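Residue-level structure breakdown
The residues making up each chain are set out below.
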Amino acid sequence: MKNDWFKKNTFHYSDFNDLGRLVDQKRKKNLKISLCLPTLNEEKTIAKEILIMKSELMTRYPLLDEIVVVDSGSTDRTREIARAFGADVYEAKDILPDLETFKGKGENLWKALYVTEGDIIVYLDTDIKNIHYRFAYALIAPLLFYDNVKYVKAFYDRPIAIGKNKIRPTGGGRVTELVIRPLFSLYFPELTKILQPLSGEYAGSREVFEAIPFPIGYGVETSMILDIYEKWGLDVIAQVDLDKRIHRNQDTRTLGKMAFVIMMTFINRQKKLGLVDLKNDLFREMIQYNLVKNEYHPDIFKTEGHERPPIIEIPEYRHKFNKN
């Protein structure tokens with residue numbers, strides 16, 4: 001397997017530490033850049049994330065033009081805190097309200113396209129404990145400096161929490177290594193070069209995001225890579241080493257549900273692209289078991305597999321962004 005893509009399209013965040021140069025390039029290209037933070041009950045981390053991004057990448061270096069929070073209906077103080085720290089805050093259900101309402105991370109990301117103004121959009125998860133402004137600027141930089149790059153993924157070491165105050169240096173990214181990397185190895189070995197395909201930190205041009213569908217749930221990162229690769233090829237994708245990402249770790253049962261949705265998304269994409277021919281429909285229930293009073297009871301997680309179409313197909317979007 002050739003490594004030309006690795007050499008040309010893999011970077012380290014320190015390659016882009018000259019933020020003044022990034023701002024100059026943004027101005028030269030006359031671009032707007034939006035940061036979107038999808039949230040659900042993130043009151044413990046949202047303030048720090050907004051504060052760091054706003055102070056460093058809006059006040060000190062005017063790289064970002066807006067910070068937008070799209071919330072799934074938090075029951076804690078996430079939205080209140082985000083507004084207090086200066087973000088533009090929306091509930092997903094209030095964006096394009098005439099459409100059927102769904103809940104999920106992919107829904108937030110898709111609807112963010114309607115309320116943001118940027119030519120470049122940065123998506124960052126909001127549970128990052130070691131948040132730093134490199135998580136944004138390092139993903140933006142390849143889009144500014146390399147005309148062929150349209151989509152940039154983060155990768156990093158992922159320590160795993162093994163107790164209240166203990167961190168093991170490796171062990172995160174379990175769904176990537178147990179699910180996505182084996183599937184990519186079987187069907188798309190060239191995509192194994194993407195080191196963290198499920199990372200929740202990525203940036204891209206609006207023209208890319210508006211042209212692809214968004215599953216509403218866990219499968220959005222998987223489908224995004226497959227659709228971008230199918231439409232534009234691997235050369236439009238880059239990746240940046242952000243060093244380390246620390247976040248709360250999910251238990252195995254929760255990871256099982258994530259893996260179920262991701263596998264369903266992957267198989268459905270294969271069908272849609274005409275790469276596989278299944279003789280039967282997929283079941284949509286993940287069945288796990290709980291031991292209650294010495295008896296095992298099924299715990300059923302059901303997904304409808306809803307997916308938003310490319311937002312450029314939505315009349316309200318086309319009107320707002322003069323796409324008619």
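Note that the coordinates shown come from a computational prediction; the quantities given were computed from them, not determined experimentally. (Residues numbered from 1 in each chain as written. Predicted model: local features only at pLDDT ≥ 70, side-chain atom pairs only at ≥ 80, totals over all residues. Heavy atoms only, no water.)

**Quick notes on the packing of aromatic side chains**
All chains considered together, the criterion is met by 14 aromatic pairs. Taken together, a centroid distance of 5.6 Å and an interplanar angle of 45° make the contact between Y133 and Y137 tilted. The buried category is assigned to Y133, whose relative accessible area is 19%. Pairing F184 with F266 gives two aromatic rings, centres 6.2 Å apart and planes at 45°, and the pair type is tilted. Of this pair, F184 sits in helix α7 (residues 174-187) while F266 sits in helix α10 (residues 252-272), placing them 82 residues apart in sequence. On the basis of relative accessibility, which here comes to 1%, the residue F184 falls in the buried class. (Phe/Tyr/Trp six-rings, centres within 6.5 Å; stacked < 30°, edge-to-face > 60°. Buried < 20%, exposed > 50% of the residue type's maximum accessible area, 1.4 Å probe, protein only. Helix = DSSP H or I, 4+ residues; strand = E, 2+ residues; numbered from the N terminus.)

**Here we look at the pattern of salt bridges**
Taken as a whole and judged by the stated rule, the model has 22 salt bridges. Put simply, K29 and D147 hold a salt bridge, and the shortest N to O gap is 2.8 Å. With K29 in helix α2 (residues 19-29) and D147 in the loop between α6 (134-145) and β6 (151-157), this pair connects stretches of sequence that are 118 residues apart. Judged by relative accessible area, K29 falls into the partly exposed class, the value being 29%. One salt-bridge network, in which partners are shared between bridges, spans K105, D125, D127, E201, E221 and R245. (Salt bridge = Lys/Arg side-chain N within 4 Å of Asp/Glu carboxyl O.)

**Remarks on the confidence of the model for the chain**
The predicted model of the chain averages 91 in pLDDT, with 94% of residues at 70 or higher. In this model, residues 167-172 is a region of pLDDT below 50 whose contacts with residues beyond four sequence positions or in other chains number 15 contacts. (pLDDT = per-residue confidence, 0-100. Contact = heavy atoms within 4.5 Å.)

**A short note on a nonpolar patch on the surface**
Where nonpolar side chains cluster on the molecular surface, the patch consists of I287, Y289, L291, Y296 and I300 and spans about 570 Å² of accessible area. You can see I300 is positioned in strand β13 (residues 295-302). (Patch = residues over 30% accessible without salt bridge, like charges linked within 9 Å, V, L, I, M, F, W, Y side chains within 5 Å. Areas by Shrake-Rupley, 256 points an atom, 1.4 Å probe, with all protein chains shown as cover.)

**A few points about the packing of α7 against α10**
Viewed as axis vectors pointing N to C, α7 and α10 meet at an angle of 20°, and their least axial separation amounts to 9 Å. Overall, the two elements α7 and α10 adopt an arrangement that is roughly parallel. α10 is crossed by α7, and the crossing has right-handed handedness. Residues R174, V175, V179, I180, L183, F184 and Y187 of α7 lie in contact with α10, whose contacting residues are L255, A259, I262, M263, F266 and Q270. (Axes fitted to C-alpha atoms, helices over the stretch in contact; angles between N-to-C directions. Parallel < 35°, antiparallel > 145°, perpendicular 65-115°, else oblique. Left-handed = near helix turned anticlockwise from the far one by under 90°.)

**A few points about the sheet that holds strand β11 (residues 237-244)**
Taken together, eight strands build an open sheet; the order of strands is β1-β11-β6-β9-β5-β2-β3-β4 and the sheet is mixed. Taken across any chain shown, the strands that pair with only one partner, and hence form the sheet edges, are β1 (10-12) and β4 (88-91). Shown here is a sheet whose adjacent strand axes are inclined to one another by a mean of 25°, direction ignored. In this structure, β6 lies alongside strand β9 (residues 202-205), joined through three bridges in antiparallel fashion. When the sheet's bridge partners are listed, K153 is paired in β9 with Y202. (Pairing = 2+ DSSP bridges.)

**Notes on the pairing of strand β5 (residues 120-123)**
The two faces of β5 match: I120 and V122 on one face and I121 and Y123 on the other face are all buried. The pairing of strand β2 (residues 33-39) with β5 spans four bridges and is parallel. When the sheet's bridge partners are listed, C36 is paired in β5 with Y123. Pairing between β5 and β9: four bridges, direction antiparallel. Bridge pairing links Y123 to Y202 in β9.

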